[in-house]
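# Structure assessment
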Amino acid sequence: MLSKKYNAKECEQKWQDYWQEQGTYKFDMNSDKPVYSIDTPPPTVNGKIHIGHIFSYSQAEIMARFMRQNGSNVFYPFGFDDNGLPTERLVEKNHNIKAHQTTRENFTELCLSETAELEKQFRALFISMGFSCDWDYEYSTISKKAQITSQKSFLDLYSKKAVYFSEAPALWCTECQTAIAQAELESKELPSVFNYLKFYYEGSTDEYLEIATTRPELLVACNCIFVHPDDERYKALVGKNISVPLFGFSVPVLTDDLVAMDKGTGAVMCCTFGDVTDLEWFKKHKLTFKEAILPDGTMSALCGKYSGMSIRAARKAIVEDLIAEGYMLKQENISHNVSVHERCGTPMEITIKKQWFIDILNHKEDYLKAGDEINWYPEQMKHRYTNWVENLEWDWCISRQRFFGVPFPVWYCKDCGQPIVPKFEDLPVNPLKDTPKGSCTCGCGEFVPEKDIMDTWATSSVTPLINLNWIEDDSPLMQKTFPMSLRPNAHDIIRTWDFYTIVKSLYHTGKIPWENVMISGHVLADKKEKISKKKDNAKMEPKDLIERYSADIVRCWAATGSLGSDVVLSEEEFVNSQKFVNKLWNAAKFALMHLHGFVKKDDDGNDVELLPYDPAKFAGKNAVEILPMDEWAIKKFNSVYRRYKNYLSEYEIGLALNDMTKYFWSFCDDYVEIVKNRLYKPEIYGQAARDSGLYGCYHILLGLLKSFAIYLPHITEEIYQDFFAGFEGANSIHLTQMGEIAQGNLNGDFAAPGEVALEVISAVRRYKSENQLSLKAEVEN
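Residues numbered from 1 in each chain as written. Predicted model: local features only at pLDDT ≥ 70, side-chain atom pairs only at ≥ 80, totals over all residues. Heavy atoms only, no water.

## Quick look at the sheet that holds strand β12 (residues 267–271)
One open sheet holds the four strands; their spatial order is β10-β11-β9-β12, and the pairing between them is mixed. Looking at which strands have only one partner, the edges of the open sheet turn out to be β10 (241–243) and β12. On average, each strand axis in the sheet is inclined to that of its neighbour by 35 degrees, with strand direction left out of account. Here strand β9 (residues 222–227) pairs with strand β11 (residues 250–255) via three bridges, running parallel. By the bridge assignment, Ile 225 is partnered in β11 with Val 253. Along the sheet face, helix α6 (residues 276–284) touches β9 and β12 and points at about 75 degrees away from the line of β12. (Pairing = 2+ DSSP bridges. Helix = DSSP H or I, 4+ residues; strand = E, 2+ residues; numbered from the N terminus. Axes fitted to C-alpha atoms, helices over the stretch in contact; angles between N-to-C directions. Contact = heavy atoms within 4.5 Å.)

## Here we look at empty space enclosed by the protein
What the rule picks out here adds up to seven cavities of 30 Å³ or more. In this model, the largest cavity occupies a volume close to 110 Å³. Ranked by the residues each element gives to the lining of the largest cavity, the list is headed by strand β14 (residues 349–358), at three residues. Broken down by class, the residue content of the lining of the largest cavity amounts to nine nonpolar, three polar and three charged. Considered as a void within the structure, the second largest cavity measures approximately 80 Å³ in volume. (1 Å grid on protein atoms, 1.4 Å probe; cavity = no way out; pocket = protein on both sides within 12 Å on 5 of 7 lines; lining within 4 Å. Points joined across faces, edges and corners; volume = space filled by probe spheres on them. Nonpolar A, V, L, I, M, F, W, Y, C, P; charged D, E, K, R; others polar.)

## Points about the pattern of salt bridges
Inspection of the entire model under this criterion finds 38 salt bridges. We note a salt bridge from Glu 718 to Lys 14, for which the minimum N-O separation is 2.9 Å. In this pair, Glu 718 is assigned in helix α21 (residues 713–728) and Lys 14 in helix α1 (residues 8–22), connecting sequence segments 704 residues apart. Residue classification places Lys 14 among the partly exposed positions, given a relative accessible area of 36%. Between Asp 455 and Arg 400 there is a salt bridge whose closest N-O contact spans 3.4 Å. Note that Asp 455 is positioned in the loop between β21 (453–454) and α10 (456–460) and Arg 400 in strand β17 (residues 399–400), a separation of 55 residues in sequence. A single salt-bridge network, built from bridges that share partners, covers Arg 215, Glu 217, Arg 315 and Glu 349. (Salt bridge = Lys/Arg side-chain N within 4 Å of Asp/Glu carboxyl O. Buried < 20%, exposed > 50% of the residue type's maximum accessible area, 1.4 Å probe, protein only.)

## Comments concerning helix α9 (residues 381–390)
Among the residues making up α9, those that are buried are Met 381, Tyr 385, Thr 386, Trp 388 and Val 389. An end-on view of α9 places all buried positions within 160 degrees of arc, on one side of the element. On its buried face, α9 is in contact with α8 (364–373), β15 (375–377), α13 (494–509) and β23 (514–520). (Arc of directions from axis to C-beta.)

## Overview of the packing of α9 against α13
Contact geometry of α9 with α13 gives a least axis separation of 10 Å together with a crossing angle of 75 degrees. Comparing their axes, α13 and α9 come out roughly perpendicular. Facing Met 381, Arg 384, Tyr 385, Trp 388 and Val 389 of α9, the residues of α13 in contact are Ile 494, Arg 495, Phe 499 and Ile 502. Classifying every residue of the contact of α9 with α13 by side-chain character gives seven nonpolar, no polar and two charged. (Parallel < 35°, antiparallel > 145°, perpendicular 65-115°, else oblique.)

## Here's the deal with the nonpolar core
If you look at the biggest cluster of nonpolar residues, it comprises 113 residues, and the most contacted ones within it are Trp 557, Tyr 644, Tyr 711, Ile 719 and Phe 724. At 13 residues, helix α18 (residues 653–680) tops the list of elements feeding residues into this core. The contact partners of Ile 719, leaving out residues within four places of it in the chain, are Leu 2, Leu 584, Trp 585, Ala 588, Leu 592, Leu 705 and Phe 724. With 64 residues, the next largest nonpolar core counts Ile 374, Tyr 412, Val 429 and Val 503 among its residues. (Core = buried A, V, L, I, M, F, W, Y, C linked by side-chain atoms within 4.5 Å.)

## Some points on the side chain of Asn 83
Mapping Asn 83 onto the fold places it in the loop between β3 (79–80) and α3 (85–95). At 3.0 Å, the side chain of Asn 83 and the side chain of Thr 141 are in polar contact. Discounting chain neighbours no more than four positions away, the residues touching Asn 83 are Thr 141, Ile 142, Phe 404, Gly 405, Val 406, Thr 456 and Thr 459. (Polar contact = N/O pair within 3.5 Å; in protein donor to acceptor, adjacent residues only side chain to side chain.)

## With respect to helix α15 (residues 551–558)
Across the eight residues of α15, eight count as buried, placing the element largely inside the fold. Burial in α15 covers these residues: Ala 551, Asp 552, Ile 553, Val 554, Arg 555, Cys 556, Trp 557 and Ala 558.

## Some thoughts on the pairing of strand β27 (residues 607–610)
Side-chain positions along a regular strand alternate between the two faces of the sheet. Of the two faces of β27, only the one carrying Val 608 and Leu 610 is buried; Asp 607 and Glu 609 on the other face are not. Two elements, strand β26 (residues 598–601) and β27, share four bridges in a ladder whose sense is antiparallel. Paired with Lys 600 across the strands is Val 608, a residue of β27. In this structure, the hairpin formed by β26 and β27 is closed by a connection of five residues, where Gly 605 is found at a positive phi of approximately 85 degrees.

## Remarks on the environment of Tyr 644
Examined against the element boundaries, Tyr 644 turns out to sit in helix α17 (residues 628–649). Each C-alpha atom of the pair Tyr 644 and Asn 658 lies 8.9 Å from the other, and the pair is 14 residues apart in sequence. For Tyr 644, the residues in contact, after removing those within four places along its chain, are Phe 66, Ala 656, Met 660, Ser 707, Ile 710, Tyr 711 and Met 738.

## Structural notes on the packing of helix α16 (residues 571–596) against helix α20 (residues 687–709)
α20 packs onto α16 with a crossing angle of 145 degrees between their chain directions and a minimal axis gap of 10 Å. When the axes of α16 and α20 are compared, the crossing they make is left-handed. In this structure, α16 uses Phe 580, Leu 584, Ala 588, Ala 591, Leu 592, His 594 and Leu 595 to contact α20, whose residues at the interface are Arg 690, Leu 694, Cys 697, Tyr 698, Leu 701, Leu 705 and Phe 708. A class-by-class count of the residues in the contact of α16 with α20 yields twelve nonpolar, one polar and one charged. (Left-handed = near helix turned anticlockwise from the far one by under 90°.)

## Side note on the packing of aromatic side chains
Per the counting criterion, the structure on display carries 58 aromatic pairs. Geometrically, the ring pair formed by Phe 55 and Trp 557 is tilted, given 5.5 Å between the ring centres and 50 degrees between the ring planes. With Phe 55 in helix α2 (residues 51–68) and Trp 557 in helix α15, the pair connects residues that are 502 residues apart, well separated along the chain. Of the two residues, Phe 55 and Trp 557, neither departs from the other in class, the shared state being buried. Among the aromatic residues, ring-to-ring pairing joins Tyr 367, Trp 376, Tyr 385, Trp 396, Trp 457, Trp 497, Phe 499 and Tyr 500 into one connected group. A cation over an aromatic ring shows up here: Lys 152 above the ring of Phe 424, its NZ or CZ 4.9 Å from the ring centre. (Phe/Tyr/Trp six-rings, centres within 6.5 Å; stacked < 30°, edge-to-face > 60°. Lys NZ or Arg CZ within 6 Å of the ring centre and 35° of its normal.)

## Let's talk about the sheet that holds strand β6 (residues 178–180)
Backbone hydrogen bonds are what pair the strands of a sheet, in a parallel or an antiparallel way. Overall, antiparallel pairing links the four strands, which are arranged β6-β5-β14-β16 in an open sheet. Pairing within the sheet leaves two strands with one partner each, and these edge strands are β6 and β16 (396–397). In this sheet, β6 lies alongside strand β5 (residues 163–173) in antiparallel orientation, the contact comprising three bridges. Bridge pairing in β6 places Cys 173 opposite Thr 178.

## A look at the state of the cysteines
Taken as a whole and assessed by the stated rule, the structure comprises zero disulfides. The closest cysteine sulfur to the non-disulfide-bonded Cys 303 is located on Cys 271, 11 Å from its own sulfur. Exposure remark for Cys 303: the relative accessible area of 3% places this residue in the buried category. As a non-bridged cysteine, Cys 442 has Cys 413 as the owner of its nearest cysteine sulfur, 3.5 Å distant. Note on Cys 442: relative accessible area 42%, which makes it partly exposed. (Disulfide = S-S within 2.5 Å.)

## Quick word on unusual backbone geometry
For residues besides glycine, phi is generally negative; the peptide bonds are generally trans as well. Note the cis peptide between Tyr 377 and Pro 378, where omega equals -5 degrees. Topologically, Pro 378 is positioned in the loop between β15 and α9. Following Phe 482, the chain continues to Pro 483 via a peptide bond in cis, the omega torsion being -5 degrees. Tracing the backbone shows Pro 483 in the loop between α12 (476–481) and β22 (484–490). The phi dihedral of Asn 469 falls on the positive side, at around 55 degrees, and the residue is not glycine. Within the secondary structure layout, Asn 469 lies in the loop between α11 (463–467) and α12. When its relative accessible area of 17% is taken as the criterion, Asn 469 is described as buried.

Here it is as structure tokens:
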């Protein structure tokens, strides 16, 4: 029998241990059931798991449980993204050290130690949330298997000439001191100043061209001045030279259609590089690269007396000198959007470096077609993907000038510079420690190792291939489960994880990586700002919320949001979920008390045995007749269940929960009240009427428990094991199958009469309430 009060802390630990011991959630390679496979993005190991992660990951976990209870063999691995820049920055912060201040080996050891401890904490937290993943398939993106997979991916791209090594313009973060990809940028509105400067005509001391710039520190990198070919103001200047303020060298005035005549003065200086337009002009007009800013964010020797200054300090000093020497006409405070590195918020620079790039710009149509082949939930999220692909401007730079990550399996011939790559069977390789087998085609036997590591996304983008053992020849898992069924993630990584995974999958397999994408929203600290590790703005920690409310209640809260929509974190929602869980326990207690059977006293003080529920009574010819109100409640459940299942087939977990919860409250407020007298008083209503009520209680409560089990796995297991396990045959409610309540013994359509009866009962209750009568008081006709 259920205890008077539900002890969540005790029960949740008990059932988590039970599921692990029983192997409840193991994937069965030999099963004939349809496979449902989930490519869960591994959380980045760079700090604490916050409530936003729990919100998003819980929604995917709920779908895993739903598919398992609907007859699927669920393949649900879980991993941790523990290599690359995010981890490095965490280690630098925690140990008050910069990666370049120690040896690569020492820094790597620090990273491995830090991630091992954090992964232990992450795993414990997800287990405490009742996640039903198969931990036998756990992986990390720095593991040997992941490194082999990522390096094999590189070799495959290399053999297909889809990856290339080039000294080319690349996006650069001066704070992280590494190249970055377009997908790692975010737009941020920042204050700035338009400086209106005098660019004197060559040889003149009084005639000048007025030019506005927000980046005076790039004056030394100026190549030319551009004006629009149709701008009548400047036609006489085209082809003539202009002197650059402070630095004194001259540059030509050229024309280009990209110049906006109505912006600033309509004359623009082109530097290497102020923005993407400068880069476009650089390529189009074959300009010279002048490096004003070094990779560490200081000014180069080209800058003369400003050399060695930070960008900010140089800008301040140059502006002061421009004013002092009479070049400044005016200054105007503005606010404009700047591309910043999403990891650290530093404004992006553009430089020229030798980097490895994956060709994506030549295949945009393939990526758009792939997006069309995938089902997006909610559907409008596909537009974010499409817009991203259509607006791509850069090939994918996968080189990172950092320490902790997957090494490129590449050496360079010391004589001819030719890249040398290993054979697949030699992977994984570390070019800093290992050497190629044999000589270069030019005959040279000496090699220079590649020191850069791969972008963390280069590994994260092959999570389906890591999960499914792609590195094996004819991998059984690949054959059984690829493309995977589902990729769940938040909307902010559509342009990274989703896009890059599609890129790699098409290159390596020619197929889309998954059939469905389920997009969750963010949890907001307030109405505008999302909760993030970087901002450390979570007011409530998952561990504290589980301790205070229970894992089931936190899961229930996570399921209430609409798919793809952001939610503001509010403790009121946890309180509401707690009320629902308490009600479920009390309703189950009432039903199970009668299903178990007990002895009560009648009005004369005599013992009356209330018999337990006996399924045998409802089998065969002599089946007990189901009374109209019990049939009405069962058929109403079936109707709600059909909607519930349809919602979940569209990944609308919140709408499904809301619909079933409404029915549950009706079950408690209406059906339980209707059936109560029959259950307690068979001496008045007859045993057959009581049996019909028990049948309704058994099947409706079980149907509700199965439906709520995907959201509330612990409390539903506790209730199921108390009574239903003895009849249903499955050793866990999570291995039972959902479905409508069988209606073989139900013989009529009592939907309309049931609703009429409910209206009458409601009217009587309302009458008693308005007249301050006891609910037990009889009402005259």
